[in-house]
Amino acid sequence: MDTFKYRWHQLPISRQLLVLVNAILFGFVVLFLVVDYRVRMDRHLHEKQIALTEEAKTMYESLLVAESHGGEAIQNLVDNVCARMNTDDSPGHHIAADWRGLPYQAVSHGHASDEMLLAMRSAVDSTVARSNATGALVVGSFTGPAGTVYISEKRSAVVGATRRSLLIQMFGVLLLGGITAFVVSAVLRQLIAKPIQGFVSALRSVAAGDLSVIARTRSCRELSYLADQINSMTEALDHAQRDHRVHMEKARQIQQNLRPTVNGLVGIDVAELFEPADDVGGDYYDVIPLSDGQYLLCVADVSGHGVPAAIAATLLKAFVSEAAKKSSSPAQILTDVNERYCEYVMMGHFATMTLLVVDPKRRQLTYANAGHEFPFLQIGRETPVRLNVGDLILGVEEDTQYNEDTIQLGDAARLVIVSDGVTEAFDPSEEQYGTERIEQLMNTVKRCNARELVEAFESSIETFRKGRKAFDDTTLLVAQLT
């Protein structure tokens, strides 16, 4: 039963209306035909009984005249009249009489018998007035001083003749009912199903983002009201979406204005790739000049993306900038940032971050990592290596103490720092970009500046995705000594 209800509710309203309306009409037509059949059949049988009674009365008068010529004359009269009546119009016609104490039956058609006479008497003597039309015979009788005359016909013959007439009428009623069902279905489809299908189509367009659609109907007041409400809703959504786009564009511009300037740096060449998955992103990168010609490189990734992640990323920028004024140690900056982050950001909004302090004069690198993708370091023509010192992500424990490591760089060294939007980029076959492609590209593209290397990565990632939309923010920072 539940399965039937589920399948029924899954049908479109046009089909539900057609089934319900036609089923109701069919039920009424069948009920009408059944009742009409019984009423008409009873009436025809009753009319036949009255006609036979009138015939019996006429026969009684004729027998009164014939009895003066004796019993043989009575028998001949009964036979002759019965023979004339047994035609195609009155099959099974039979006449009998109890006359002056003697029984008479028509013998011309071979139906005469004691059982037949007894059946005719029983039909007449029935205590229920109309029950003589319900047996095998339809009997009419007339009783006078001289006796009783019985005239009968087979009930099956009467019913057969009546049924043929009724079947023709039933076919006409069914045809009329079918035409009515078709007309009603067409009207319901035009007045109800078609407008509702238009509303469904309009709502699907709205759900797909097309807010220019307008719902229209001239069916009835109720559906016109529904169309007006859909149009009002669509207009309100359009206004809200326009306001949302304006606000998101302003937020995007603010986030773009927060991006650092990477031109004109002394002793280091920096370039970046920053592509938020939405209008604004949860990735954050920064290049902050420190004392003694050092530079702090930072890349962070807040969980999720969109507006909440962008707000958290903006807080991280403020925390890093503030901590960098107090210390040039990556570990100490991470420790301070984590403490502030745990204090101000809601639990569950975790973030990863890697900090690298590059000293171009001393050719030295100091770095710390809070659960972020390990940066790639390539010194000269050597194979790129991962800076794999790392600790707990930000936002978990307020008193986390971070560690750092220092590496001596050669005359030529370059860093590639990425967010997981790069390494976890997918192509249409669900294959990840991974870290090996980054190392291979760094080995392949060696003699170039930072911007050219970023452009090579951008082209590589775009080719790998094969048109698939990024599901996470993509951030890549390249820095190399000059």
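Residues numbered from 1 in each chain as written. Predicted model: local features only at pLDDT ≥ 70, side-chain atom pairs only at ≥ 80, totals over all residues. Heavy atoms only, no water.

If you look the protein chain up in an unreviewed UniProt entry, it shows as Phosphoserine phosphatase RsbU from Crateriforma conspicua.

### A word on unusual backbone geometry
A positive phi angle is found at Arg100, which is not glycine, with a value near 50°. Turning to its location among the elements, Arg100 is positioned in the loop between β1 (94-99) and β2 (102-105). For Lys466, which is not glycine, the phi dihedral falls at a positive 55°. Using a relative accessible area of 61% as the deciding quantity, one classes Lys466 as exposed. (Helix = DSSP H or I, 4+ residues; strand = E, 2+ residues; numbered from the N terminus. Buried < 20%, exposed > 50% of the residue type's maximum accessible area, 1.4 Å probe, protein only.)

### Points about the sheet that holds strand β8 (residues 351-359)
Here we have 5 strands laid out as an open sheet, ordered β6-β7-β8-β9-β12, and antiparallel in their pairing. Because the sheet does not close on itself, it has two edges, and the strands there are β6 (283-289) and β12 (405-408). Strand-to-strand twist across the sheet, computed as the mean angle between neighbouring axes with direction ignored, equals 15°. The sheet contact formed by strand β9 (residues 364-370) and β12 spans 4 bridges and is antiparallel. Looking at the pairing, Tyr367 lines up with Asp405 of β12. Running over the sheet, helix α7 (residues 307-324) touches β6, β7 (295-302) and β8 and is turned about 20° from β6. (Pairing = 2+ DSSP bridges. Axes fitted to C-alpha atoms, helices over the stretch in contact; angles between N-to-C directions. Contact = heavy atoms within 4.5 Å.)

### Re the environment of Val416
Take Val416: it is sitting in strand β13 (residues 413-418). Sequence separation between Val416 and Ile230 is 186 residues; the distance between their C-alpha atoms is 52 Å. Not counting chain neighbours up to four residues away, the residues in contact with Val416 comprise Pro375, Phe376, Ile438, Met442, Leu453, Phe457, Leu476, Leu477 and Val478.

### A closer look at helix α8 (residues 330-344)
For an α-helix, 3.6 residues make a turn, and residues three or four places apart therefore share a direction. Here α8 spans 21 Å end to end across 15 residues, near enough to the 21 Å set by a 1.5 Å rise per residue. Buried within α8 are the following residues: Pro330, Ala331, Ile333, Leu334, Thr335, Val337, Asn338 and Tyr341. Buried residues along α8 sit in contact with β7, α7, β8 and β9. (Expected span 1.5 Å × (residues − 1).)

### Here we look at the nonpolar core
By size, the foremost hydrophobic cluster in this structure holds 29 residues, and its most contacted members are Leu296, Leu316, Val337, Tyr341, Met353 and Leu394. Among the elements of the structure, β6, β7, α7, α8, β8 and β9 are those that each provide at least two residues to this core. The leading source of residues in this core is α7, at 8 residues. Leaving out residues up to four positions away in the same chain, Met353 has contacts with Tyr284, Cys298, Val299, Ala300, Leu316, Val320, Leu334, Val337, Asn369, Ala370, His372 and Leu394. (Core = buried A, V, L, I, M, F, W, Y, C linked by side-chain atoms within 4.5 Å.)

### Points about the packing of α7 against α8
It is at 9 Å that the axes of α7 and α8 come closest, and there the two elements cross at 140°. With respect to their mutual orientation, α7 and α8 come out oblique. Judged by the sense of rotation from one axis to the other, the crossing of α7 with α8 is right-handed. Contacts from Ala312, Leu316, Phe319, Val320, Glu322, Ala323 and Ala324 in α7 reach Ile333, Asp336, Val337, Arg340, Tyr341 and Tyr344 in α8. (Parallel < 35°, antiparallel > 145°, perpendicular 65-115°, else oblique. Left-handed = near helix turned anticlockwise from the far one by under 90°.)

### Quick word on the pattern of salt bridges
The final tally for this structure, using the stated rule, is 17 salt bridges. A salt bridge links Glu67 to Arg100, with the nearest nitrogen and oxygen atoms 2.9 Å apart. With a gap of 33 residues between them, Glu67 in the loop between α2 (13-66) and α3 (71-85) and Arg100 in the loop between β1 and β2 connect regions that are remote in the sequence. On the basis of relative accessible area, Glu67 is assigned to the partly exposed category, the value being 26%. Between Asp98 and Arg121 there is a salt bridge whose closest N-O contact spans 2.6 Å. Of this pair, Asp98 sits in strand β1 while Arg121 sits in helix α4 (residues 114-125); the two residues are 23 residues apart in sequence, bridging distant segments of the chain. By relative accessible area, which is 29% here, Arg121 ends up partly exposed. It is possible to trace a salt-bridge network through shared partners that takes in Arg259, Glu272 and Arg451. (Salt bridge = Lys/Arg side-chain N within 4 Å of Asp/Glu carboxyl O.)

### Notes on a nonpolar patch on the surface
Together, Phe171, Leu175, Ile179, Phe182, Val183, Val187 and Leu191 line one region of the surface with nonpolar side chains, adding up to about 700 Å² of accessible area. Note that Ile179 resides in helix α5 (residues 155-207). Under the relative-accessibility criterion, Ile179 is labelled partly exposed at 46%. (Patch = residues over 30% accessible without salt bridge, like charges linked within 9 Å, V, L, I, M, F, W, Y side chains within 5 Å. Areas by Shrake-Rupley, 256 points an atom, 1.4 Å probe, with all protein chains shown as cover.)

### Description of the domain arrangement of the protein chain
Here the protein chain is described as being made up of domain 1 (1-160), domain 2 (211-258) and domain 3 (261-481). Between the C-alpha centres of domain 2 and domain 3 there is a distance of 39 Å. Counting residues at the interface gives 6 residues for domain 2 and 10 residues for domain 3. Note on domain 2 versus domain 3: buried area summed over both sides is about 670 Å², and carbon and sulfur give 62% of it. Looking only at domain 2, the three residues that lose the most surface to domain 3 are Met248, Gln255 and Leu258, adding up to 77% of its buried area. At the boundary of domain 2 with domain 3, the tally comes to 0 salt bridges. (Domains from an automatic or database assignment. Buried area = accessible area lost by both parts, 1.4 Å probe.)

### What about the sheet that holds strand β4 (residues 147-154)?
With respect to topology, 4 strands assemble into an open sheet ordered β2-β1-β4-β3, the strand pairing being antiparallel. Because the sheet does not close on itself, it has two edges, and the strands there are β2 and β3 (137-144). Each adjacent strand pair in this sheet contributes to an overall mean axis angle of 15°, direction not counted. Here β1 pairs with β4 via 6 bridges, running antiparallel. Within the sheet, the bridge partner assigned to His94 lies in β4 and is Ser152. Sheet contacts for α4: β1, β2, β3 and β4; angle to β3, the most-contacted strand, approximately 75°. Lying on the sheet, α5 is in contact with β3 and β4; it crosses β4 at an angle near 50°.

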